[in-house]
Each structure stands twice: as C-alpha cells, then as structure tokens.
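# Coordinates in review
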Amino acid sequence: MMGLISSVKGCMGPNEYAEVPDGGWGWVVAVAFFFVEVFTYGIIKSFGVFLQDLMAEFNETNSRVSWVVSICVFIMAFTAPLSTVLSNRFGFRPVVMVGGFLISLGTISSGFTNSINEMYVTVGIVSGLGYCLTFLPAITILSQYFARRRSIVTSVASSGECVAIFVLAPAFTALKDVIGWRNCMVVIGVLQASLIGCGALLRPIIIKPKEASEGSSSSPLKALPSEYEEENEFTRTSLGSVDSGVQSLSASSANLNNGPQEVPTQASPDRNSLAQERGEGEEQQVCLTKGEDDEEREKEATAATSTGSAGKLLDFTVLRDGGFVCYSLFGLFATLGFFAPQLYVMELSVSRGVSREAAPAMLSAMAVAEIVGRLSVGWLLVRLPLRKVTVLLAFVLLLAGVLVAFTLVTEFWGLAVCCALYGFLLGTVCSTHIPMLAEDDVLGIERMPSAVGVYVCIQSFAGLAGPPLGGFLVDLTHNYGSAFYSCAVGMGLGALFLGLMRPVKLGLCRARCRGKRGESSSPSLSSKDMPVDFLDVDLGVVDGSPAKSKDRGVV
C-alpha cells in the first residue's frame, strides 16, 4: 500500500528539468487545457442558443439577458489577480480543481433559478469566478512547459472552445428542444465537473538554474586581480609589497596605538596566500565591498519581509512599463469584439431572412474557421521569422474590418462568409494575445505568471460593457446589426494601442540609456584623479579614528 502511495506521489509530484522541456508532461497539460477551453470559453460563447428562451421565460429584454454573459466575463477577468495570487501561493493544481467545482455548481444552480437576477449570481458570479480560477492557471502552466513550440501548442490546445461551439452549440439547441433549457443547463454543469480531473493533471514544473562554471569571469572577486594589475601596469609593483608605498590602514592604526610592537595575525593558509597575491590594500577593498553587498542584501531582505510575499504573488510594477500599459489597453478595447458577435449572430441571421433552424450553422461556421485560424497563426509564428506583435496587429486590423462588414450584408451567404472570416481572425487573435505576454517584446516568461492577472483584470471592464452595450444598441435601433458597431470601434482602438506599444517601449528604453550614459560621462574628481581602492579604504577605515589627522598628513 505504501509503495502504491509513493508511486502515485511520484507520478503527480513536480517535474524537474534543467531547461524548458518543450514536451514531456507538457503534452498531458496541453490535453487538459484543451478540455478547459471546451468547458469555459466554449460554453460562454455558446450561451447565445439560450437567448430567446431566457427572454421568453423571464420576460426580459436583450440588454437585460446579455448581462448574464457580461457579468460572467467581468468576474472571470476582474478576479484574475486573485487567481494569480492563489496559484503562486498554493499551486496551479488545487486552484484549477476548485475552479472546476465552482463552474459546475453555478451552471447546475442556474437550472433552478426563478428570475434573471438569480442567474446573474449563479452564472455571472459563481461560474464566472470558477472560470477565472480554471482558465488562467491552466494557460500559465502550459506556457511554462513549452518555449520553442509554445505558439503552435497553445494554438492547438486553445482550439477547444472552437470545437465546443461547432459541436455543442447545435447539440444544445437540439437538446433544449427535447428536455427544456433548465434541464439542459444541468447537463452542461455535470459535464463541466470534468474540469476537476483536468486540474489534477497539472503537475507543477521546476526549472533548475544552470550552475555557473568555476572559471567564469562574471564574479566580481575574480575580476579584481586583473583590475589591480592594470592599475599597476606601469610600476610593475605588487600592491602587497613595501615598495608600493601602500600600507594597510588597520595596521597603521595598530602601530600608532600600540607602539612599535608587532601585531600578531593568525589566518588560514588560503587567507595568507590571498594576501600574498593581492596585497593587504586589495584585501581591505574586497572586505569593504563584501560588507557593502551584505548590507544591501539585508536591506532587500528587510523590505521583502515588511511587504510579505505579495511582490512575488502579483506584480503591479508592470504598470510602470509603458509598453505593457499600451498592450493592456489593446486587450481592454479588443475585448469589446470577443463575445458580443457570438451572442447576437444567430438573431442577426434570423432578422436577415435565415431560418431559425439554420441559424446555428453560423456559429458552427465561425467555430470551424476559428480552428483553422488558431492552427494557422501557430504555424506562422513558429516557422516564419516575423515579429509576433506585428503579425497580431495585422490580424486585429482585419478583424475590425470584418466586424463592420457584418452590418452591411443582407443574405445567407454574405453572413456565412463574414462568420468564416470573423472566426478565422478571432482564432488568430484569441490564441496569441495572452501567450504573447511571455514574449520579450511584451514582458518575458519570467514576469508573465505574476503579470497575467493584471492584464486580464484590465480586460474585465470591456467584458462587462461589451454585450450590454450591444444589447442597448439593439433595443434602441431594433436592428441586430447595430450591435456590431461597438465591436468594430473597440477593435479599431485596440489596434491603435497595439501599434503604439513597440514605439513606446523602445522610446522609454532609449531614454533610460541616455540617462545612464549621461551619468557615466561625468565622473567625479575623486574617482578620476585618485586610486579608487586606496580612497575607499582610507575613508572607510580612518573615519572616526583617533589618528585621523596624523594619517592624512602621511597621505
């Protein structure tokens, strides 16, 4: 029995690698993330099949019913910092498992609600929180298992939501006609309970840092001998010799206080050899430098203790990065076009003459095209030497144009083409905008786990406003095409800020470089005209000594 328990712990314990594996257990994590996508975003984007049923059941308007999806998306994104903190504190696995339980609980409870306000709580708040605790940790740990293949793997794994729309949207439409929308919600909640098992498969990953070689010259202590040899190149004299004229100030103080008595010293052989090779003056400098480093480490440790571990759990310092701020504003405005089209495309199709039985085919066409888009952009980013942010910008601009086209078409095939183009472009954008945080052009893989929560939290406000804004325009104009205007405007603003990201980032970097060059080009008089090592030792040791004036006279 104990052997079985130990083997289970070995299989489910953390994976240790010398570098990012680009595979291994990461393939299992990718499959788990696929099903996370199916039962999170796939269900949210398929919610439009219940729009008319909820309006008839509760006698509500488009705008009021759309708040269900809006609140769910808002809670999912706004609580992203909480998800980041919990994941960094307790690990990805338990957080995802708890999230799966909340999703299932909220969806099943929605089948027993008596008003749309109750559904705001069950689907909007409870399931929305579960979506957040499930999706973000899953995509974060998937990004940590892959480096070179990250783009293609995340693209394929995130196609789960497209499969859900393609398969589940028609299935739910047929199922609710047989058993009713309430029992259909219960069935969906039971299926979503499988996310608990997906969370159990997310084994944590540990990357062991490579040990530096002993002969590396990066150590400051190793660099000191060559530094001192260059300073004494013209005299060819060792700083440890009497001919150099440099004497340890600690020894000078001892001689002044104790007379001509010889000061006994006892050191290890290594210390004696170090003194012979580098001289006592250098030894004083090394000790002084080491003391300063120790003081800095103590200050950093004190600061870390006073602030707790919040700095490691959630990184708000990324808001000082102008490039990240621009990228976050891109995510904020682009989110306006992520959810409203799926919610209203079926009703738009019916209003343009498409039969209600054929309307779900629009969602299916959108889903198939989105799968193709996700796979295509993954291949493109891996195979071609293109800057990934530039590729993302091109797709966002095209997506804004397609959203405008939705308002102009008036028949079945025009809508089908728009749905296919929208699905393809949406797949390219949705599969890359969060993993793009791991790229050095934005943040980098080291800062992504602590910053992804901040990014998604900023997105949350657009998720809250998108569907209700579209519903308000529909109620105002009695035209479902008007819901796509707000999506197009938001996507256009997102493209603007995405285009500004790299210039802002490069401008700030150049400004910092100019500042550092200005500081280094005006050295102080003391560092220019006097030996740095002797000056540091003189000030550090003699200050406060009773023989201070006498030593200065000697110097």
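Residues numbered from 1 in each chain as written. Predicted model: local features only at pLDDT ≥ 70, side-chain atom pairs only at ≥ 80, totals over all residues. Heavy atoms only, no water.

### Notes on the overall build of the protein chain
The line we're drawing: Helix and strand definitions here come from DSSP, where helices need a minimum of 4 consecutive H or I residues and strands a minimum of 2 consecutive E residues; each element is numbered from the N-terminal end. Under the scheme applied here, a residue whose accessible area is under 20% of the maximum for its type counts as buried, over 50% as exposed, and between as partly exposed, the area being computed with a 1.4 Å probe on protein chains only. We call two residues contacting when some pair of their heavy atoms lies within 4.5 Å. Areas reported as accessible are Shrake-Rupley estimates using a 1.4 Å probe. Residue values count occlusion only from the protein chains shown.
The helix and strand inventory of the protein chain stands at 25 helices and 2 strands. Across the 555 residues in the protein chain, those meeting the buried criterion constitute 47%. When contacts within the protein chain are restricted to residue pairs at least 6 apart in sequence, long-range pairs at least 24 apart make up 84% of them. With the model as given, the accessible surface of the protein chain reaches about 27,200 Å², and the carbon-plus-sulfur share is 63%.

### Quick notes on helix α19 (residues 388–406)
Heads up, the rule is: Each helix should span, by expectation, one fewer than its residue count multiplied by 1.5 Å.
Over its 19 residues, α19 runs 28 Å from end to end, which matches the ideal 27 Å to within 8%, given 1.5 Å per residue. Along α19, the residues classified as buried are K388, V389, V391, L392, F395, V396, L399, A400, V402, L403 and F406.

### Describing the environment of L343
Tracing the backbone shows L343 in helix α17 (residues 340–351). Classification of L343 as buried rests on a relative accessible area of 5%. In the structure, L343 is positioned 124 residues away from P467 in sequence and 7.7 Å away in space, judged by C-alpha atoms.

### Side note on the packing of aromatic side chains
For clarity, the cut-off: For Phe, Tyr and Trp, where Trp contributes only its six-membered ring, two rings pair if their centres lie within 6.5 Å, and the inter-plane angle classes them as stacked under 30 degrees, edge-to-face over 60, or tilted in between.
Here the structure, examined in full by the defined rule, presents 17 aromatic pairs. Measuring from ring centre to ring centre gives 5.8 Å for F33 and F135, while their planes differ by 40°; the resulting arrangement is tilted. One end of the pair, F33, is in helix α2 (residues 26–39); the other, F135, is in helix α8 (residues 116–145), and 102 residues separate them in sequence. With 6.5 Å between their ring centres and 75° between their planes, F395 and F424 make a pair best called edge-to-face.

### Regarding the side chain of S158
We count it as follows: Polar contacts, as used here, are pairs of N or O atoms within 3.5 Å; protein pairs need one atom able to donate a hydrogen and one able to accept it. Residues neighboring in sequence count only if both atoms are side-chain atoms.
Among the structural elements, S158 can be located in the loop between α9 (150–157) and α10 (160–192). Residue S158 is classed as buried on the basis of its relative accessible area, which comes to 3%. Within the structure, S158 has its side chain in polar contact with the side chain of R374 (distance 2.6 Å). If near-sequence neighbours (up to four positions away) are discounted, S158 is found in contact with F33, E37, R374 and S431.

### Thoughts on the packing of α17 against helix α20 (residues 412–430)
Think of two packed helices as two axes; the pair is described by the angle between the axes and how far apart they sit. Inclusion rule: All axes are obtained by fitting lines to C-alpha atoms, using only the stretch in contact for helices, and the reported angles, taken between N-to-C directions, cover 0 to 180 degrees. The scheme is simple: roughly parallel for angles under 35 degrees, roughly antiparallel for over 145, roughly perpendicular for 65 to 115, oblique for anything else. Basically, the charged four are Asp, Glu, Lys and Arg, the nonpolar ten are Ala, Val, Leu, Ile, Met, Phe, Trp, Tyr, Cys and Pro, and anything else, Gly included, counts as polar.
At a closest axis distance of 12 Å, the pairing of α17 and α20 adopts a crossing angle of 170°. Between α17 and α20, the angle is such that the two are roughly antiparallel. In this structure, α17 contributes P341, Q342, V345, L348 and S349 to the contact, and α20 contributes L415, C419, Y422 and L426. Residue composition of the contact of α17 with α20, by class: 7 nonpolar, 2 polar and no charged.

### What to know about a nonpolar patch on the surface
Quick reminder of the rule: Only residues whose relative accessible area exceeds 30% and that form no salt bridge are eligible for patches; like-charged ones are grouped when within 9 Å, while nonpolar side chains (Val, Leu, Ile, Met, Phe, Trp, Tyr) are grouped when within 5 Å. Note on definitions: salt bridges are taken to be side-chain nitrogens of Lys or Arg within 4 Å of carboxyl oxygens of Asp or Glu.
On the surface, F166, V167, V368 and V372 cluster together into a nonpolar patch covering about 310 Å² of accessible area. When residues of the nonpolar patch are traced back to their parent elements, those giving at least two are α10 and α18 (360–383). Relative to the helices and strands, V368 resides in helix α18. The exposure class assigned to V368 is partly exposed, which follows from its relative accessible area of 38%.

### Side note on the environment of A32
Inspection of the secondary structure assignment puts A32 in helix α2. In this view, A32 contacts C198, L201 and L202; residues no more than four positions away in its chain are not counted.

### Brief notes about the nonpolar core
Stated formally: Here, nonpolar core means buried Ala, Val, Leu, Ile, Met, Phe, Trp, Tyr and Cys residues that are tied together by side-chain atoms lying within 4.5 Å of each other.
Ranked by internal contacts, the top residues of the largest apolar core, which has 125 residues, are F50, Y327, F330, F406 and L437. With residues near it in sequence (within four places) discarded, Y327 still touches L392, T432, H433, M436, L437, V442, Y455, L498 and M501.

### Quick look at the pattern of salt bridges
Inspection of the entire model under this criterion finds 9 salt bridges. One salt bridge connects K45 with E161, and the closest N-O pair in it is separated by 2.4 Å. Of this pair, K45 sits in helix α3 (residues 41–45) while E161 sits in helix α10, placing them 116 residues apart in sequence. The pair K45 / E161 is uniform in exposure class, with both members buried.

### Notes on unusual backbone geometry
Non-glycine residue N59 carries a positive phi angle of around 55°. Tracing the backbone shows N59 in the loop between α4 (51–58) and α5 (62–78). Residue N59 is classed as exposed on the basis of its relative accessible area, which comes to 69%. Although it is not a glycine, H478 adopts a positive phi angle of roughly 55°. Looking at the element boundaries, H478 is found in the loop between α21 (448–477) and α22 (483–520). We classify H478 as exposed; its relative accessible area is 71%.

### Description of the side chain of D321
Here D321 is to be found in the loop between α15 (310–313) and α16 (322–334). Its relative accessible area of 13% is what places D321 among the buried residues. A distance of 2.9 Å separates the side chain of D321 from the backbone nitrogen of G323, its partner in a polar contact. Setting aside residues up to four positions removed in sequence, D321 forms contacts with V442, L443 and K505.

### A closer look at the environment of I188
The residue I188 is located in helix α10 in this model. On a C-alpha basis, the gap between I188 and I108 in space is 7.5 Å, while along the polypeptide they are 80 residues apart.

### Here we look at the confidence of the model for the protein chain
Here is the rule we go by: The quantity known as pLDDT measures the predictor's confidence residue by residue, on a range of 0 to 100.
Across the protein chain, the average pLDDT comes to 74, with 69% of residues at 70 or higher. For the stretch residues 212–312, pLDDT sits under 50, and the model shows 63 contacts to residues farther than four places along the chain or on other chains. Across residues 524–555 the pLDDT falls below 50, and counting only partners more than four positions away or on other chains, this stretch makes 31 contacts in the model.

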